[in-house]
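Secondary and tertiary structure notes
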Amino acid sequence: SRGRWRDCDRRGTAQGSVVVRSSVRSRLLRQGLVLLAWLALAVGCGGPPSDAPVVAPADGPANAPETRSSSRSAASSTVDPGAANAARSLDQPPTPVAIRLADRAVELGVDFTARNGEEANRYAIVESLGTGVALRDFDGDGLLDVWCPGGGRFDAQGDPVGLDCGLFRRVGSHYDRVTGIQAPPAPAYLSHAAGGVDLDGDGFCDLVRTGYGGAEWLVNCGDGTFVVRDLVEPGPSGHNGAGPDGPGWVTSVAWCDLDDDGDLDLYLARYVDWSKSNDPECRQNGRRDVCPPGRFGPLDDLLLVSQGTGSFERAGPEWGLVSGGKGLGVVAGDVNLDAAPDLYIANDTTENFLYLNERPVAPGDSHRLREVGLVSGTAYGERSDAEGSMGVDLGDVDGDGRLDLWVSNFEDQFFALYRGVGPGLFQYASGPAGVMAVGRANVGFGTVLGDLDLDGDLDAFATNGHVLRQPANSPLAQPPLLFLNDGRGQFRDVAGQTGDYGATGHRGRGAALGDLDADGDLDLAVTHLNEPVALLMNETPRPAAWLHVTLVGTTASREPVGGRLEIEQAGRTLVLPVKGGGSYLSTNESALVCGLVGSEGHVAGRVIWPGGRTQSVRLPVSERVLLIEGREEPVRLPPGLSPVAGAMTAGSLMQRPLKQESAR
C-alpha cells in the first residue's frame, strides 16, 4: 500500500530487508528516470526559462532509505528535506494574524450531516471517502446556494445504499432546505461528489453526483426542479454499478471543453475494485480496521465527451488515457498556459497523472491527451514515491506568472507543492515553501487555493481527518490547516489562530470556496464524516481594493475552463485561472477573487479565452462584475447579486441554446 496503513501487512525481518533494498533500487531508478526525462523534455522545449531554477529529482532519502513499513518514531527521526527551513519557521515567534473564520452554519440554517455507514461495523473502505460540497447558485436568484451529498449506509444485505442529500437555498440572510418535489431525489448508491456546473449551457446550474456505483447528471429545469439522468448506465451488477460496463466507484469530477466545440466534457476519477464479495478483513495493531487501497486493484478513469445534444459518449483509446490510478481528486485548467484546458489527477498510493491537451496540428487530426506526470515532475512526492494523494488545486502561489499544483496527502507524507518552472515542468517545492514545517501527521482531503485575506496572493486551506477507526500514529479528528502566504510563496500555518473551528479536530473531507454573503471576500464550506457541515464565514477586515470577476464564454463554453485573467499589479502579473473541479469531491464558486494593492477606481488586464483569443479589459475595483466574451465593458453586479442572475439581467447571452435541441 506504499505506506498507507503501514501496519496492515507487516513482513518478517528477513523478508523486510529484501523489501527495503528493492524499494531503494526502485526509488533511485525513478529519480534517474525523472532527471533524464526532464532534461529530454527541456531540450525539446528549448530548456527552462532563464530565470527559472534548474529542476532536479525530488529530494529523497537516496542515501538514507526509509521504508514505508517503518515505525512512526523511526520516520520522525529521519532528517526531512527542508528541515532547516522548518526549524527557522518554528523558532520565529508567531505574527498576529488578522484572518478570522467563524462557523455560522447552524445560525444560517444549514444543519446537515452526511453519513458513511460505519455504525454497521463493516470496516469497509467505502466508508472512508466521505462527501463533498458545492457552492453555486442553483436557482438563479443572485445568491450562492449550498449542496451536500448525503453519503450512505449499509442495508440488511450488506450493500451500500444512498441517503438524502441536502440542498440549501439562500433566502435573504439565511438558508432554507429545499424539500418536496423540488428536492433532488436520493440516489440508490452511496454518494460522494458534489459537482455544480451548467452542463447543457442553458443558463441554469446543474448538479453532478457521483459515488459507489453511480454517476448522475441532475438537469436543472429552471423551475426549481431537477431531472436525473445517468451519465454512465448501470452495469450488469445492478444498482451498485461495480460491473465492467457500469460506472464503478466514481469519486471526483472535473469539467472543461477538451475538443474546442463549445461544450463541456466530463472527467470522472474512479477508485478501486472493492465490492461486497471483495471485502477482505484487515487488522491494524491487532484490531480490525479499514483495509488500505493497496489491497484492491485500480479502476480506470472515465472521460465523457459531450455530443452537444445533452448527451455524452465515453472517450475511446484515441484520447490517450492511461490505465490504472486510484483517483480521488481532479482539477481541470490550463496548466501549461497554452490556452487549452489540461487535467491533473491526484491518485491514492499510485503516481499522479498530468494530462496535457494536444490540439490537432493537421487536417484530419483529432484532439488527444498526453500523460506527462513523470516527465513533468508531478507524479511523485519528495521521496520519489507515489503518495496517498486526495485533494488538488491549481494556482500561481509564488506570483511568478506560472501556475503551480497543490496536493493534500496522507500521514507520514508532506502536502505537495509542485512549483511551475516552465511549460509543463514543475519542481517539488514543499520544503522551500515552508509546507514541511507542519510535519507529516495530517491526513489531508479537501484543499483549496484562495486569497482569504485579500492581500494579493494565494493562501491554502486544507481539511484533515483520519480514515482509520483506530489510528495509531495521529488522531482520528484533526484540525485543519490554513497556510498564510507572505507574498513570495512562503507558507505559515495559522489555522489555530483563526477561531474555534481552526483550533479543534474534525474528520474533514470536502472543502469549497465561495463568497457566501456577497461581501467580496471568500468564505469556506467544509464537510466531515458523521459531523455537521461547517460554513466558515470570513470575518477578516477587507482591504480597500479587491477584485471579484466571473468570466462567461460565448464562443468558448459558458464556463470557460482553461481561460485565465491576467492583472498587472504592483510590478507583477497576477494570473487567475478558470478551473473545473478541484479540491476533493467539491465545487468552488466560479468567480476569480483576489486583493489589490494600491489600486483605486479601475485596473487594467487581459483575458486569454480558451483557444487563445485575447481581450483587453478595464475592471472596476471593489465591485462584483461579470465579463462576457466579446463585450468590452464588464457588467456590474448590484450588491448581493450572483454572476448567474447578473448575466441574465445583462441580456440573452446567458440563454445561448445548445447546438441541437436538448434531449432533456
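The numbering scheme is per chain: residues are counted from 1 as the chain's sequence reads. The model is predicted, so local features are restricted to residues of pLDDT at least 70 and side-chain atom pairs to those at 80 or more, both for listing and for counting; the totals for chains, interfaces and linings are taken over all residues. As a rule here, side-chain values come from all non-hydrogen atoms in the structure, and water together with hydrogens is ignored.

**A closer look at empty space enclosed by the protein**
Lining residues are those with an atom within 4 Å of a point, where the points come from a 1 Å grid over the protein atoms alone and group into cavities, where a 1.4 Å probe fits but cannot get out, or pockets, open sets with protein on both sides within 12 Å along at least five of seven lines. Grid points are joined across faces, edges and corners, and a volume is the space filled by probe spheres set on the points. Across all of its chains, the model carries 12 cavities of 30 Å³ or more by this definition. Roughly 400 Å³ of volume is contained in the largest cavity. In this structure, the largest cavity is lined by 29 residues; those nearest its centre are Pro 577, Lys 579, Glu 589, Ala 591 and Leu 592. When residues of the lining of the largest cavity are traced back to their parent elements, those giving at least two are strand E22 (392-395), strand E26 (444-450), strand E30 (508-514), strand E35 (572-577), strand E36 (580-581) and strand E37 (592-595). Think of it this way: any DSSP run of H or I at least four residues long counts as a helix, any run of E at least two long counts as a strand, and we number them from the N terminus.

**Section: the packing of aromatic side chains**
Stacked, edge-to-face and tilted are the three classes for Phe, Tyr and Trp ring pairs, Trp counted by its six-membered ring, which pair at centre distances within 6.5 Å; planes under 30 degrees apart are stacked, over 60 edge-to-face, the rest tilted. Counted under the stated rule, the structure contains 14 aromatic pairs. Seen in terms of ring centroids, Trp 249 and Tyr 271 are 5.0 Å apart; in terms of plane orientation they differ by 85°. Their pairing is edge-to-face. One end of the pair, Trp 249, is in the loop between strand E11 (226-230) and strand E12 (250-256); the other, Tyr 271, is in the loop between strand E13 (265-270) and strand E14 (282-284), with 22 residues separating them in the sequence. In this pair, the class of Trp 249 matches that of Tyr 271, namely buried. A 1.4 Å probe rolled over the protein chains alone gives each residue an accessible area, and that area as a share of the maximum for its type sets the label: buried under 20%, exposed over 50%, partly exposed in between.

**Some details on the confidence of the model for the protein**
For any part of a model where pLDDT is low, the fine detail of the predicted coordinates should not be relied upon. Here pLDDT means the predictor's own confidence in every residue, given as a number from 0 to 100. Overall, the prediction assigns the protein a mean pLDDT of 84, with 80% of residues at 70 or greater. Any two residues whose heavy atoms approach within 4.5 Å are treated as being in contact. Considering only residues more than four positions removed or in separate chains, one finds that residues 1-26, a stretch of pLDDT under 50, has 46 contacts. Across residues 40-96, where pLDDT falls below 50, the model places 83 contacts with residues more than four positions away in sequence or in other chains.

**Notes on the environment of Ala 556**
In this fold, Ala 556 is placed in the loop between strand E33 (546-552) and strand E34 (564-569). Classification of Ala 556 by relative accessible area gives buried; the value is 5%.

**Description of the sheet that holds strand E7 (residues 174-177)**
Strands in a sheet are paired, the pairing made by backbone hydrogen bonds, and the direction either parallel or antiparallel. Strands qualify as paired when DSSP identifies two bridges or more between them. The 4 strands are arranged E2-E3-E6-E7 in an open sheet whose pairing can be described as antiparallel. The strands lining the two open edges of the sheet, one partner per strand, are strand E2 (134-136) and E7. With strand direction ignored, the average angle separating the axes of adjacent strands in the sheet is 25°. As defined by bridge partners, E2 adjoins strand E3 (residues 145-148) across 3 bridges and the pair is classed as antiparallel. Note that in E3 the partner of Ala 134 across the bridge is Trp 147. Helix axes are fitted to C-alpha atoms over the stretch in contact, other axes to C-alpha atoms as well, and angles between N-to-C directions run from 0 to 180 degrees.

**Regarding the nonpolar core**
Residues Leu 231, Leu 343, Leu 547, Leu 565, Leu 596 and Leu 619 are the most contacted members of the largest nonpolar core, which totals 52 residues. Top contributing element to this core by residue count: E12, with 5 residues. Non-local contacts of Leu 565, meaning those with residues more than four positions away in its chain, are made with Leu 547, Val 549, Leu 574, Val 575, Leu 576, Leu 592, Arg 606, Val 607, Val 617 and Leu 619. Note on terminology: a nonpolar core comprises buried Ala, Val, Leu, Ile, Met, Phe, Trp, Tyr and Cys residues joined through side-chain atoms within 4.5 Å. Counting residues in hydrophobic clusters, the runner-up holds 26 residues, among them Val 126, Phe 154, Phe 296 and Leu 328.

**Remarks on the state of the cysteines**
Any two cysteine sulfur atoms lying within 2.5 Å of each other are counted as a disulfide. Within the structure shown, the criterion is met by 1 disulfide. One disulfide in the model links Cys 282 with Cys 291; its S-S distance is 2.0 Å. Looking down the S-S bond of the Cys 282 and Cys 291 bridge, the torsion is 100°, so its handedness is right-handed. Using a relative accessible area of 3% as the deciding quantity, one classes Cys 282 as buried.

**Focus on the pattern of salt bridges**
By definition, a salt bridge exists where a carboxyl oxygen of Asp or Glu is found within 4 Å of a side-chain nitrogen of Lys or Arg. A full pass over the atoms with the stated rule returns 29 salt bridges. A salt bridge links Arg 419 to Asp 398, with the nearest nitrogen and oxygen atoms 3.0 Å apart. Placement of the pair is Arg 419 in strand E24 (residues 416-422) and Asp 398 in the loop between E22 and strand E23 (404-407), with a sequence separation of 21 residues. With respect to class, Arg 419 is no different from Asp 398; both count as buried. Residues Arg 564 and Glu 566 are paired through a salt bridge, measuring 2.9 Å at the closest nitrogen-oxygen approach. Glu 566 carries the same exposure label as Arg 564, and that label is buried. Within this structure, Glu 118, Glu 127, Arg 469 and Arg 507 form a network of salt bridges that share partners.

**Some details on unusual backbone geometry**
At Asn 121, a position not held by glycine, the phi torsion is positive, near 55°. Note that Asn 121 resides in the loop between helix H4 (105-108) and E2. The partly exposed category is assigned to Asn 121, whose relative accessible area is 44%. The backbone phi angle of Thr 349 is positive, close to 75°, even though this residue is not glycine. In this fold, Thr 349 is placed in the loop between strand E19 (342-347) and strand E20 (353-358).

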